[in-house]
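# Summary of structural features
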Amino acid sequence: IVFERMKMIDEALASARTGEKLSPSDPSVVEQLCGLELETGNSTAACKCYERLGSIHPLDGLSSTYYGIALYRSGKEDESIAVLEKAVNSTPAIPLAINALGVVYYNKKRFKDAAAAFKSAVEAAPDTFEFRYNLALTHLAHGNKTGASSQYNILKAGNPALATRLFGILYGDKIVVVPKN
């Protein structure tokens, strides 16, 4: 945990792997390893780790969320949806799970479901601007430029970098670039 807090991720991962070998049935040790596997981009290892964690004790909503994200990143979208839908229905609701489910729906072109998920994520965590950005993209996928523009206006005040990115998507076809001589 110390290595992780110091942003020494490789050292944290090595330490967590050692800890897991020493205490393979300790859920907190295994959960730490799972999170680090996911954070370092090793989604396949993270999936196996979360499956092992689930065999030790039931996954809570947050662990299910991360497991669902790992499944999605591993290309297992349908499994990801099943796990994330379960996480979304946990109590209390986890906005990250709702947003992650929206991402999977969006990538499967289930835009109506994605819009509902992103709207719920924004309602649950209105100051998480990445959720608003995702909602705006889904509005655009539906052809709802007005809905996307309303999210843009909120992003301008809260996260100018995301607002600028969204502006390029919203109005990219209207921007004229004059070459320098």
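Residues numbered from 1 in each chain as written. Predicted model: local features only at pLDDT ≥ 70, side-chain atom pairs only at ≥ 80, totals over all residues. Heavy atoms only, no water.

### Some words on helix α10 (residues 145–158)
With 14 residues, α10 extends 20 Å between its outermost C-alpha atoms, agreeing within 8% with the 20 Å of an ideal straight helix rising 1.5 Å per residue. Those residues of α10 that fall on the buried side of the exposure criterion are Gly147, Ala148, Ser149, Gln151, Tyr152 and Leu155. Turning to α10, the residues buried within the fold contact α9 (129–141) and α11 (160–171). (Helix = DSSP H or I, 4+ residues; strand = E, 2+ residues; numbered from the N terminus. Expected span 1.5 Å × (residues − 1). Buried < 20%, exposed > 50% of the residue type's maximum accessible area, 1.4 Å probe, protein only. Contact = heavy atoms within 4.5 Å.)

### Structural notes on the state of the cysteines
Two cysteines whose sulfur atoms are joined by a covalent bond form what is called a disulfide. All told, the structure shown has one disulfide when counted by the stated rule. Between Cys34 and Cys49 runs a disulfide, and the two sulfur atoms are separated by 2.2 Å. The sign of the -85 degrees torsion about the S-S bond sets the Cys34-Cys49 disulfide as left-handed. Note that Cys34 is positioned in helix α3 (residues 27–39) and Cys49 in helix α4 (residues 43–56), a separation of 15 residues in sequence. By the burial criterion, Cys34 is buried, and Cys49 matches it. Counting only cysteine sulfurs, Cys34 is the nearest neighbor of Cys47, a cysteine outside any disulfide, at a range of 9.8 Å. For Cys47, a relative accessible area of 3% translates into the label buried. (Disulfide = S-S within 2.5 Å.)

### Points about helix α6 (residues 77–88)
With twelve residues, α6 extends 16 Å between its outermost C-alpha atoms, agreeing within 8% with the 16 Å of an ideal straight helix rising 1.5 Å per residue. Of the residues making up α6, those classed as buried are Ser80, Ile81, Val83, Leu84 and Ala87. In this fold, the buried residues of α6 make contact with α5 (61–73) and α7 (95–107).

### Regarding the pattern of salt bridges
The full count for this structure, using the stated rule, is five salt bridges. Among the ionic contacts, a cluster of salt bridges with common partners joins Glu77, Asp78 and Lys108. (Salt bridge = Lys/Arg side-chain N within 4 Å of Asp/Glu carboxyl O.)

### Describing the environment of Asn42
Considering the arrangement of structural elements, one finds Asn42 in the loop between α3 and α4. In sequence terms Asn42 and Ser74 are 32 residues apart; their C-alpha atoms lie 8.8 Å from each other. Among residues more than four places away in sequence, those in contact with Asn42 are Arg17 and Glu37.

### A closer look at the packing of helix α8 (residues 111–124) against α9
Contact pair α8 / α9: the axes reach a minimum separation of 9 Å and the direction vectors enclose 155 degrees. As judged from the angle between their axes, α8 and α9 are roughly antiparallel. Along this stretch, α8 crosses α9, giving a crossing that reads as left-handed. Of the residues in α9, those touching α8 at Phe111, Ala114, Ala115, Phe118, Lys119, Ala121 and Val122 are Phe131, Arg132, Asn134, Leu135, Thr138 and Ala141. Considering only residue class, the contact of α8 with α9 consists of nine nonpolar, two polar and two charged. (Axes fitted to C-alpha atoms, helices over the stretch in contact; angles between N-to-C directions. Parallel < 35°, antiparallel > 145°, perpendicular 65-115°, else oblique. Left-handed = near helix turned anticlockwise from the far one by under 90°. Nonpolar A, V, L, I, M, F, W, Y, C, P; charged D, E, K, R; others polar.)

### Here's the deal with the packing of aromatic side chains
For the structure shown, the criterion picks out three aromatic pairs. Seen from their ring centres, Tyr50 and Tyr67 are 6.1 Å apart, and the 35 degrees between their planes marks the pair as tilted. Of this pair, Tyr50 sits in helix α4 while Tyr67 is found in helix α5, placing the two residues 17 residues apart along the sequence. With a relative accessible area of 1%, Tyr50 lands in the buried category. (Phe/Tyr/Trp six-rings, centres within 6.5 Å; stacked < 30°, edge-to-face > 60°.)

### Things to note about the side chain of Ser80
Within the secondary structure layout, Ser80 lies in helix α6. Beyond its immediate stretch of four places on either side in the chain, Ser80 contacts Gly68, Leu71, Tyr72 and Val104.

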